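Listed below, chain by chain, are the residues.
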Amino acid sequence: MRRASPEPAVRVALSEDGDLWTSERLHRQVETWRAEWPHPVVFYVGSDVGLDPDLVRSCRLKLAFGRVTLPHQLARLVLLEQLYRALSMAAGIPYHRATL
């Protein structure tokens, strides 16, 4: 997967033992990337056996959508929804659970 990824890029591994972020925290990070990083951001979603440990170690961030194991298709859907939510907040669309 890493060879297929563009360089340079911010690499983010999705892993059940990653950091737990709120939607608002992801929004702030996306805004930082948009302002300061003109290159791609790559999210790695593992299969049912997870991600290669070397790939995970090479990532700048390791995120989780909870401590449960999700099928990778569902994890991809949750990732897309969270990125949509972050970009919606960036566009000024109110977030119904905002605590900012």
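Here the structure is shown first, and the text comes after it.
Just so you know, these numbers come straight off a predicted model, no measurement behind them.

Definitions and limits used
What you see as residue numbers is a count from 1 along each chain, following the sequence as written. Local features in this predicted model are restricted to residues of pLDDT 70 or higher, and side-chain atom pairs are both shown and tallied only at a pLDDT of 80 or more, whereas totals for entire chains, interfaces and linings draw on every residue. Excluding hydrogens and water, the side-chain values take into account all heavy atoms of the structure. Here, a strand pair is defined by DSSP locating no fewer than two bridges between the strands. Each helix is a run of H or I in the DSSP string that is no shorter than four residues. Each strand is a run of E no shorter than two, and both are numbered from the N terminus. Between N-to-C directions, angles cover 0 to 180 degrees, with each direction set by a line fitted to C-alpha atoms, over the stretch in contact for helices. Two residues form a contact once any of their heavy atoms are found within 4.5 Å. Any residue with an atom within 4 Å of a point lines the site, the site being either a cavity, points on a 1 Å grid over the protein atoms alone where a 1.4 Å probe fits but cannot get out, or a pocket, an open set with protein on both sides within 12 Å along at least 5 of 7 lines. Grid points are joined across faces, edges and corners, and a volume is the space filled by probe spheres set on the points. Each residue is assigned to one class: nonpolar for Ala, Val, Leu, Ile, Met, Phe, Trp, Tyr, Cys and Pro, charged for Asp, Glu, Lys and Arg, and polar for all the others, Gly among them. Working definition of a nonpolar core: buried Ala, Val, Leu, Ile, Met, Phe, Trp, Tyr and Cys residues. They are joined through side-chain atoms within 4.5 Å. Throughout, exposure labels follow a simple rule: accessible area from a 1.4 Å probe, protein chains only, divided by the maximum for the residue type, with under 20% read as buried, over 50% as exposed, and the rest as partly exposed.

Student: For this particular structure, what's the right way to read the sheet that holds strand S1 (residues 10–20)?
Tutor: Strand pairing in a sheet relies on backbone hydrogen bonds, with the paired strands running either antiparallel or parallel. Spatially, S2-S1-S3 is the arrangement adopted by the three strands of the open sheet, whose pairing is parallel. Whereas interior strands pair on both sides, the edge strands pair on one side only; in this sheet they are strand S2 (41–45) and strand S3 (61–64). Taking the axes of each pair of neighbouring strands and ignoring which way they run, one obtains an average angle of 45° across the sheet. On the sheet, helix H3 (residues 72–90) packs against S1 and S2 and is oriented at approximately 150° with respect to S2.

Student: Looking at this structure, I do not really get the layout of surface pockets. What am I missing?
Tutor: One simple way to see leftover space: roll a probe sized like a water molecule over the atoms. As a volume, the largest pocket reaches approximately 510 Å³. Within the residue set of the lining of the largest pocket, elements represented by two or more residues are S1, S3 and H3. No other element matches S1, which puts four residues into the lining of the largest pocket. Per-class residue counts for the lining of the largest pocket are twelve nonpolar, seven polar and four charged.

Student: I would appreciate a short explanation of the nonpolar core in the present structure.
Tutor: Across soluble globular proteins, nonpolar side chains show a tendency to be buried alongside one another. Ranked by size, the top nonpolar core spans 14 residues in total, and within it Val12, Val30, Trp33, Phe43, Leu79 and Leu83 carry the most contacts. Of all the secondary-structure elements, those providing two or more residues to this core are S1, helix H1 (23–36), S2, S3 and H3. In this structure, Phe43 is in contact with Val12, Trp33, Leu79 and Leu83, ignoring residues within four places of it in sequence. The next biggest cluster of nonpolar side chains, apart from the first, holds eight residues, and it includes Ala9, Val42, Tyr44 and Val56.

Student: I would appreciate a short explanation of the environment of Arg57 in the present structure.
Tutor: Residue position: Arg57 is located in helix H2 (residues 53–58). Judged by its relative accessible area of 59%, Arg57 is exposed. Sequence separation of Arg57 and Arg67 is ten residues, and the distance between their C-alpha atoms is 19 Å.

Student: For this particular structure, what's the right way to read unusual backbone geometry?
Tutor: Cis geometry is adopted by the peptide bond preceding Pro8, which originates at Glu7 and carries an omega value of -5°. Locating Pro8 in the fold gives a position in the segment before S1.

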